Amino acid sequence: MDMSTLIQRPSINSPSTLSAGQIQSLLEMTNRDEIDALSREARWMTLLHCGCTVYFRGIIEFSNICNCDCQYCGIRRSNGDVARYQLTQGEILRQARWCADRGFGSVVLQSGERRDPRFVDFVADVVRAIKRETRSAILPDGLGITLCVGEQSRESYRRFFDAGAHRYLLRIETSSPRLFQRWHPAGQTFDNRRHCLDHLRAIGFQVGTGVMIGAPWQTTADLAADVAFFREMDVDMIGMGPYIPHHAAPLAAVGVDSPAVRLRRTLLAIAAVRLVLRDVNIAATTALQTLAPLGRERGLAFGANVIMPQVTPASCRKNYTLYDAKPCDDETDSGYQKALESRIRGLGRTVGRHQWGDSPRVFHRKALLRSA
Ligand code: 5AD
């Protein structure tokens, strides 16, 4: 494939105009030389638009109690084999402080989905406490906080934002309403998920979304449409990972591509998003690491610029199993951290310290609005 027609080196910070068909051809690459050329271009675009810094966000999976019954997920409500847990505010604060001391500028608070007032109060209180307790001379506004607690009402989102969270991740899972319906029970709808993204943006959050890659019935045309959807939504952050079956979830009964194909497709999708959206933050996810021990580092080589080390306390980590064989390395171990950082430096990148590391898209959008 002729890269020059696909790259369209930009003169301004706006998304590319690659068609869905062109994006699909990127996702279908199998030739080694073509894939290498694509990954080089994606790295170049990353450096051009985001610089060489890789940001760490410590991810604290603070509860696996979930009211949803997604057909693919291991912590779905009807899985009775999961030991459910909920960390206390003190336990979450301890992990957040560890992140701040270690120089991570941000944390991600993730949990199963609940919408009851107790849960919403708890999350808002925790956000306020983390902001209060992690302020320092080097981080005057405290840790940056990304929330990932699913579909909520507009009022709850507003409360979280007012409490001090400034980013929100809500994966759309697929931009195909038809696939969305097959992957979720009747009560969950694509339209509601999309409205949630609109509410988050209107409230002022930096918004992240993403999809699962290689899940049942998904085609490369679906995935190309997903990338076009991210562009249309003008999101700030992307978190995509391979689908990995969970033995107790109904979708595990449906055959999918081999792990090698899902891994390759995820790397190609990261590169495609980098070429199309350019100045957004893209995470190399834990699910990538599940399919290959250095999967996250490979994600960085295909255009990712964010890594989310798991800092959930070790005793709970094994119960936050969205999919089978999720790695449970102790990423708060200082030897583990040092090795990860040195691999990142080996890729010619640096590790961001004591900075939130917001997506450049946020600044570019503000600048465009000012000049309009
Ligand atoms: N494989 C991969 N990703 C999964 N998620 C949930 N279950 C799985 C699975 N079996 C992802 C979803 C969700 C995020 C928190 O985890 O995309 O949005």
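Rules and cut-offs
Residues numbered from 1 in each chain as written. Predicted model: local features only at pLDDT ≥ 70, side-chain atom pairs only at ≥ 80, totals over all residues. Heavy atoms only, no water. Axes fitted to C-alpha atoms, helices over the stretch in contact; angles between N-to-C directions. Helix = DSSP H or I, 4+ residues; strand = E, 2+ residues; numbered from the N terminus. Parallel < 35°, antiparallel > 145°, perpendicular 65-115°, else oblique. Left-handed = near helix turned anticlockwise from the far one by under 90°. Contact = heavy atoms within 4.5 Å. Near = heavy atom within 4 Å. Polar contact = N/O pair within 3.5 Å; in protein donor to acceptor, adjacent residues only side chain to side chain. Areas by Shrake-Rupley, 256 points an atom, 1.4 Å probe, with all protein chains shown as cover. Nonpolar A, V, L, I, M, F, W, Y, C, P; charged D, E, K, R; others polar. Phe/Tyr/Trp six-rings, centres within 6.5 Å; stacked < 30°, edge-to-face > 60°. Buried < 20%, exposed > 50% of the residue type's maximum accessible area, 1.4 Å probe, protein only. Lys NZ or Arg CZ within 6 Å of the ring centre and 35° of its normal. Pairing = 2+ DSSP bridges. Right-handed = clockwise from strand over helix to strand, strands pointing away.

*Asks:* I would appreciate a short explanation of the packing of helix H2 (residues 20-27) against helix H9 (residues 220-233) in the present structure.
*Replies:* Relative orientation and spacing of two packed helices are given, respectively, by the angle between their axes and the distance between those axes. Interhelical geometry of H2 versus H9 gives an angle of 125 degrees and a closest axis separation of 8 Å. Comparing their axes, H9 and H2 come out oblique. As H2 packs across H9, the resulting crossing turns out to be right-handed. Across from Ala20, Ile23, Gln24 and Leu27 in H2, the residues of H9 making contact are Thr220, Ala221, Leu223, Ala224, Val227, Ala228 and Arg231.

*Asks:* What should I look at first to understand the site of the ligand in this one?
*Replies:* As a matter of local geometry, the ligand sits amid Tyr72, Cys73, Gln110, Arg171, Glu173, Met212, Pro242, Tyr243, Ile244, Leu322 and Tyr323. Within the backbone of Ile244, one N or O atom sits 2.7 Å away from a nitrogen atom of the ligand. Within the complex, the protein chains bury 88% of what would otherwise be the 410 Å² of accessible surface of the ligand. Of the residues contributing to the shell around the ligand, the split by class is 8 nonpolar, 1 polar and 2 charged.

*Asks:* How should I be thinking about the packing of aromatic side chains in this particular structure?
*Replies:* Centre-to-centre distance and the angle between the planes together describe a pair of aromatic rings. Evaluation of the coordinates by the stated rule reveals 10 aromatic pairs. Residues Tyr157 and Tyr168 carry aromatic rings whose centres are separated by 5.0 Å and whose planes lie at 75 degrees to one another, so their mutual orientation is edge-to-face. Pair noted here: Tyr157 is in helix H6 (residues 154-163) and Tyr168 is in strand S4 (residues 167-169), with a separation of 11 residues, a long-range link. Classification of Tyr157 by relative accessible area gives buried; the value is 0%. Each ring, one from Phe161 and one from Phe205, has its centre 5.0 Å from the other, and the planes form 65 degrees; the classification is edge-to-face. Here Phe161, found in helix H6, pairs with Phe205, found in the loop between helix H8 (190-203) and strand S5 (206-209); they are 44 residues apart in sequence, far enough to count as distant. A cation over a ring is seen here: Arg182 above Trp217, with NZ or CZ 3.8 Å from the ring centre.

*Asks:* How should I be thinking about unusual backbone geometry in this particular structure?
*Replies:* Across residues other than glycine, the phi torsion is negative in most instances, and most of the peptide bonds are trans. The backbone phi angle of Asp234 is positive, close to 50 degrees, even though this residue is not glycine. Along the polypeptide, Asp234 turns up in the loop between H9 and strand S7 (237-242). We note that Ala325 has phi near 65 degrees; this positive angle belongs to a residue other than glycine. Looking at the element boundaries, Ala325 is found in the loop between helix H13 (314-317) and helix H14 (334-346).

*Asks:* Would you take a moment to explain the pairing of strand S2 (residues 106-111) for this structure?
*Replies:* A regular strand places its side chains on the two faces of the sheet in alternate fashion. For S2, the buried fraction is high: 6 of the 6 residues fall into the buried class. Of the two faces of S2, the one holding Ser106, Val108 and Gln110 and the one holding Val107, Leu109 and Ser111 are both buried throughout. Bridging between strand S1 (residues 53-63) and S2 involves 6 bridges; their strand directions are parallel. For Arg57, the partnering residue across the bridge sits in S2 and is Ser106. Following the chain from S1 across helix H4 (residues 89-102) to the adjacent parallel S2, one finds a crossover that is right-handed. In the classification by handedness, the crossover that spans S2, the intervening helix H5 (residues 117-133) and the parallel strand S3 (residues 144-148) is right-handed.

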